[in-house]
Amino acid sequence: MTAVAAPVGRAPTRAAHPVRRLLLERVGLGVVTLFAVSVVVFAATQVLPGNAAYAVLGHSATPQRVHALEVQLGLDKPAVTQYWDWLTGLLTGHLGTSLANNEPVATLIGPRLVNSAALVVAAGIVGTLLGVGLGLLAAFRRDGLLDHALSVAALTVTSLPEFVVGIVLVILFAVVVSHVLPAVSVLPPGVAPWDDPRALVLPVATLVIVIIPYIFRMMRAATIEALESDYVEMAELKGLSRARILLRHALPNAIAPTIQVIGLNFLYLAGGIVIVEVVFDYPGIGQALVDAVSNRDIPTIQFIVVVLAAFYVVANILTDVVALLATPRRRAPR
Amino acid sequence: MPDTPPTPLASPAYQPLSRRRFLTGSTAALATLGAGGLLAACGSATPSTTTTSSPATSVATARPRRGGTLRAALSGGSSSDTLDAQQGINNVDFARILQLYNPLVGYTPDVVPELALAEEITPNANATVWTVRTKQGVLFHNGKELTADDVLFSINRIVRNNYPGASMLVGLKINEAKKLDTYTVSLPFSAPYASLVEAMAGYEYYLNIVPVGYDPKHPIGTGPFMYKSFTPGLQSTFVRNPHYWESPGPYFDQVVITDYPDETTQINALEGGSADVVNLLSASASTSVKSAGYGVLVSPAGGFTPFTMRVDVAPFNDVNVRQALRYIAGRHEMRDVVFDGDGLLGNDIFSIYDPEYDHSIPQRHEDFAHAKFLLKKAGQEHLTVELVTADIAQGTVSAAQVLAQQASQAGVTINLNKVTVTEFYGTNYLKWPFAQDYWYYSAYLPQVGQAFLPNSPFNETHFDDPHYTALYNEAVGTLDAAKQADIAHEMQQIDWSQGGYIIPYFPPVIDGYSPRVKGLLPSETGLSLGGYAFKRLWFA
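Asks: Hey, could you run me through helix α5 (residues 79-91) of chain A in this one?
Replies: In an α-helix, one full turn covers 3.6 residues, which means residues spaced three or four apart are oriented alike. All names here are of chain A. Given a rise of 1.5 Å per residue, 13 residues ought to cover 18 Å, and the 18 Å separating the end C-alpha atoms of α5 matches this to within 8%. Every buried residue of α5 is accounted for by Gln82, Tyr83, Trp86, Leu87 and Gly89. On an axial view of α5, the arc spanned by its buried residues comes to 160°, and they lie on one face. Projecting away from the buried face of α5 at angles above 90 degrees are the exposed residues Val80, Trp84 and Leu91. Note on α5: the residue one or two positions beyond its end, glycine 93, has a positive phi of about 90°.

Following this line, the structure appears as structure tokens:
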């Protein structure tokens, strides 16, 4: 989330008015969305067969033990009461207690949230920089060998699911071909991802490889369009250097449509990390969510889903704000 | 117990050691091996059924070495992981709990009951009162000595909270259980219970001894390793217990156990050098692990994964239908497909390693003609049934698919209903008409108590045969081993000809390990890595 927030710093003050209106409107809608999401998710958990008591006891779930645990976990209360308890708890700052192990959800999920955020932010930033850079380069060398090679590579990678990319990287760098990087990224509890950057390399690389093609292709197309425009022709006629034309004239105009794609890729990352987390046994919220669903651990499911939904809402708002800021003609006061 | 065989159990009824010695020919060697740590014979104790392949196992005679951190990448686990000594749930719980705690009685790797914290367990003449004397000088991790108070506290905690172990202490008059002296307790039962020792030996019932006032948040036990850290669903770190009561070992300074949700990731961890041992591999994965130069331990386990038919609902309430399905199951083929031919063949009777198991009952083979005859007799020539399957244990879904295919050749339609593990053990658990299950090894009579009596907690087949129940009560009522075995054989005839289980095979347990890990022995308990006996392992 913080990565998307970074470009906001560039916001020129004269744009405040339409941006503020957009923000107010979208934040209000966002809150409504989050509430709706929490209701829908809670309802969905009620439809799932079984409950946390059955799920936790598993093979040893005799009716007597299930009943005792249901009472202990409060699962014998009506669904509406359970939801109300959760919502009022949330509004008073209590995220609830995990049904799987009786620990506060915040203590359980907090460190995992940090881990996942580190993965998303690192992959997002690296992927964006590489995608934008390569896109510019390909547009600049349009129809050259490099351009064709990059386009073919991008198309190839687009057709590979992330677990294939991840496994290929593991084979290349950790297991068969060489042993330079760890094959799994198990972070011991209490160790932050930045304390062990080697563990982050392969998961981040996997995600970067998966998102680059989209950003690259959009950036290339938008830059080519800008380079074919009248103002670039004008700049060329004025005798400006090609580098200056690319960076000062084409880039600012190409970036606006690309920002939407970058935003979409950040949203994708929030979901895409689930698979990468499993492939590398990386302790993030994706893994925690899968686990919580199979444990029917409703407070944990609710918390993670609301966090993910909030990320979607915030990322969407930021994308629109940044796109607005990057398109001066759209923010002229009417 | 380095050089002496395990203390014989005090009662004349408990001589299972002799039969097992006879069967394997080398239990004593194995026991010495386990304790003394001579690797030379590793895998040769039961040569016909065990394969241990590693470049390292042939190199022998190295003496165990102290030190190092064992990194175990274990299959399964979730945020419901627990260190509670007496109510573990999943496989990784097993691995952790076995490091921290000890029971009164355990199993040797070849499933002979072996006294652990108990020095002596003696019944009265009719097996209604059992006297348990603990070993002296055993220290808990906090330095306190184990006494009768701890044993009473532990048993009370299990029974009063109805933890899994309570089902192995049925009939215990908990209010009359009392301390006789510092190390001795007396446990009175409402009816004779001659199979108590075998019942308590099953690790899956977590009859572990904890100190008075035990709080699972401070997991203190008597086990070979002591708690250092634990995060459910992720990882735990335990350190060597320098005062462990059993010697030699433990050898590692530390044991780090990490949950792995996925087999591919487990293997990557092993081959990428991030893990020293991995467990519960599939047959196909074992081939690739082997070819990459890592060790594979295939244990001919005594656990089982039965198909369960409810004998009280149609069409399975007709014994002909049950028997027909048993004749449809092609056991060899199923075992070949699912486990590449490893594992023992099943004959629809459980507890294959129990000295009371009747090996004289003929092995059932697929016989479609007989199956069709039985179905015709039942008026079910075009039988169509639904089989509920889930990934509850290694190979269960594949086995269900093979059975469905075999059934179609016999004109029977088995529709597979694959559900998630959570749904399988959800509200319909123990009620599915036709499903599967898994069990670790247990001796015969305790296993009957778990699943085949009207009051059994896990009577998934809803079996309720008064004659069978009477035989059970008679068997647990006698301390005469020969008589008990005769009765058990009679019960097994009933299992074989009327029961609700199809037991096609006993699934092998397949684990992988780095060549530098020494001391691994196959275990017949159904648990991985020699019964998670990390205390016996060391690094070369």
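Asks: What is the right way to read the interface of chain B and chain A from this model?
Replies: How large an interface is tends to be reported as the accessible area lost when its parts come together. Across the contact, 40 residues belong to chain B and 39 residues belong to chain A. Carbon and sulfur atoms supply 58% of the area that chain B and chain A bury against each other, a total of about 3,000 Å² over both sides. Where chain B packs against chain A, one counts zero salt bridges. For the interface between chain B and chain A, the tally reads 11 residue pairs in polar contact (both at pLDDT 80 or more). Listing elements by their share of the side of chain B that touches chain A, those giving two or more residues are β11 (254-260), α6 (263-271) and α12 (421-424) of chain B. Classifying every residue of the side of chain B that touches chain A by side-chain character gives 15 nonpolar, 19 polar and six charged.

Asks: Got a minute to help me understand the sheet that holds strand β7 (residues 178-181) of chain B in this structure?
Replies: Residues and elements named next belong to chain B. As summarised here, the arrangement of the four strands in space is β5-β6-β8-β7, forming an open sheet in which the pairing is antiparallel. Of all the strands in the sheet, just β5 (118-123) and β7 have a single pairing partner and so form its edges. Here the average twist between neighbouring strands, direction ignored, is 25°. With five bridges connecting them, strand β6 (residues 129-134) and strand β8 (residues 184-188) associate as antiparallel partners. When the bridges of β8 are listed, threonine 131 appears paired with serine 186.

Asks: What is the right way to read a negative patch on the surface from this model?
Replies: Residues and elements named next belong to chain B. Taken together, the side chains of Glu333, Asp336, Asp340, Glu366 and Asp367 define an acidic patch exposed on the protein surface. Residue placement: aspartate 340 occurs in the loop between α9 (331-339) and β15 (344-345). Assessed through its relative accessible area of 56%, aspartate 340 is described here as exposed.

Asks: I would appreciate a short explanation of the side chain of B:Gln254 in the present structure.
Replies: Residues and elements named next belong to chain B. Mapping glutamine 254 onto the fold places it in strand β11. Judged by relative accessible area, glutamine 254 falls into the buried class, the value being 17%. There is a polar contact of 3.4 Å between the side chain of glutamine 254 and the side chain of threonine 69. Those residues within four positions of glutamine 254 in sequence are excluded, and the remaining contacts are Gly68, Thr69, Leu70, Lys228, Thr237, Phe238 and Val239.

Asks: Help me understand the pairing of strand β21 (residues 509-513) of chain B in this model?
Replies: Here is the key point about a regular strand: its side chains alternate between the two faces of the sheet. A large share of β21(B) lies buried, amounting to five of its five residues. Every second residue of β21(B) is oriented toward a common face, with B:Val509, B:Asp511 and B:Tyr513 on one face and B:Ile510 and B:Gly512 on the other, all of them buried.

Asks: Explanation requested: the nonpolar core in the structure shown.
Replies: Membership of the largest hydrophobic core comes to 181 residues, with the highest contact counts inside it found for B:Leu325, B:Ile414, B:Phe434 and B:Phe534. Residue contacts for B:Ile414: discarding those within four places in its chain leaves B:Leu325, B:Val385, B:Leu387, B:Leu403, B:Ala404, B:Ala407 and B:Phe434. Counting residues in hydrophobic clusters, the runner-up holds 61 residues, among them A:Leu108, A:Ala183, A:Leu269 and A:Val279.

Asks: Hey, could you run me through unusual backbone geometry in this one?
Replies: One can expect most non-glycine residues to show negative phi and most peptide bonds to be in trans. Residues and elements named next belong to chain B. With an omega of 0°, the peptide bond between serine 247 and proline 248 qualifies as cis. Tracing the chain through its elements places proline 248 in the loop between β10 (235-240) and β11. Between glycine 249 and the following residue, proline 250, the backbone shows a cis peptide bond with an omega angle of -5°. With respect to the secondary-structure elements, proline 250 resides in the loop between β10 and β11.

Asks: Just checking my understanding: could you explain the domain arrangement of chain A for this structure?
Replies: Residue and element names in this part refer to chain A. The domain architecture assigned to chain A consists of domain 1 (35-91) and domain 2 (112-331). A C-alpha centroid distance of 37 Å is found between domain 1 and domain 2. Counting from both sides, the interface comprises 14 residues of domain 1 and, opposite them, 11 residues of domain 2. Of the roughly 1,100 Å² buried at the junction of domain 1 and domain 2 (both faces included), carbon and sulfur atoms supply 72%. Applying the counting rule to domain 1 against domain 2 returns zero salt bridges. In this structure, the connection of domain 1 to domain 2 is made through one residue pair in polar contact (both at pLDDT 80 or more). For the side of domain 1 that touches domain 2, the secondary structure elements donating two or more residues are α2 (16-47), α3 (52-57) and α5. Counting residues per element, the side of domain 1 that touches domain 2 draws most heavily on α2, at six residues. Considering only residue class, the side of domain 1 that touches domain 2 consists of nine nonpolar, five polar and no charged.

Asks: Can you help me understand a nonpolar patch on the surface in this one?
Replies: Together, A:Val168, A:Ile171, A:Leu172, A:Phe173, A:Val176, A:Val177 and A:Val180 make up an exposed nonpolar region whose accessible area comes to about 580 Å². Along the chain, the position of A:Phe173 falls in helix α8 (residues 162-175).

Asks: Just to check I follow, could you spell out the pairing of strand β13 (residues 295-299) of chain B for this structure?
Replies: Here β13(B) lies mainly inside the structure; five of its five residues are buried. Here β13(B) shows a buried face lined by B:Gly295, B:Leu297 and B:Ser299 and a second buried face lined by B:Val296 and B:Val298.

Asks: Can you help me understand the environment of B:Phe458 in this one?
Replies: The topology assignment puts B:Phe458 in the loop between α13 (444-451) and α14 (466-475). Excluding residues within four positions of it along the chain, B:Phe458 makes contact with A:His59, A:Ser60, A:Ala61, A:Thr62, B:Tyr429, B:Leu430, B:Trp439, B:Gln450 and B:Ala451.

Asks: Please explain the confidence of the model for chain A as it appears in this structure.
Replies: Parts of the model with low pLDDT should not have their predicted coordinates read in detail. Confidence in the prediction of chain A, expressed as mean pLDDT, is 87, and 94% of residues score 70 or more. Across residues 1-11 of chain A, where pLDDT falls below 50, the model places 14 contacts with residues more than four positions away in sequence or in other chains.

What counts and what doesn't
Residues numbered from 1 in each chain as written. Chains lettered and ligands numbered in written order. Predicted model: local features only at pLDDT ≥ 70, side-chain atom pairs only at ≥ 80, totals over all residues. Heavy atoms only, no water. Helix = DSSP H or I, 4+ residues; strand = E, 2+ residues; numbered from the N terminus. Expected span 1.5 Å × (residues − 1). Buried < 20%, exposed > 50% of the residue type's maximum accessible area, 1.4 Å probe, protein only. Arc of directions from axis to C-beta. Contact = heavy atoms within 4.5 Å. Buried area = accessible area lost by both parts, 1.4 Å probe. Salt bridge = Lys/Arg side-chain N within 4 Å of Asp/Glu carboxyl O. Polar contact = N/O pair within 3.5 Å; in protein donor to acceptor, adjacent residues only side chain to side chain. Nonpolar A, V, L, I, M, F, W, Y, C, P; charged D, E, K, R; others polar. Pairing = 2+ DSSP bridges. Axes fitted to C-alpha atoms, helices over the stretch in contact; angles between N-to-C directions. Patch = residues over 30% accessible without salt bridge, like charges linked within 9 Å, V, L, I, M, F, W, Y side chains within 5 Å. Areas by Shrake-Rupley, 256 points an atom, 1.4 Å probe, with all protein chains shown as cover. Lys, Arg positive; Asp, Glu negative; His and termini not counted. Charge placed at Lys NZ, Arg CZ, Asp CG, Glu CD. Core = buried A, V, L, I, M, F, W, Y, C linked by side-chain atoms within 4.5 Å. Domains from an automatic or database assignment. pLDDT = per-residue confidence, 0-100.

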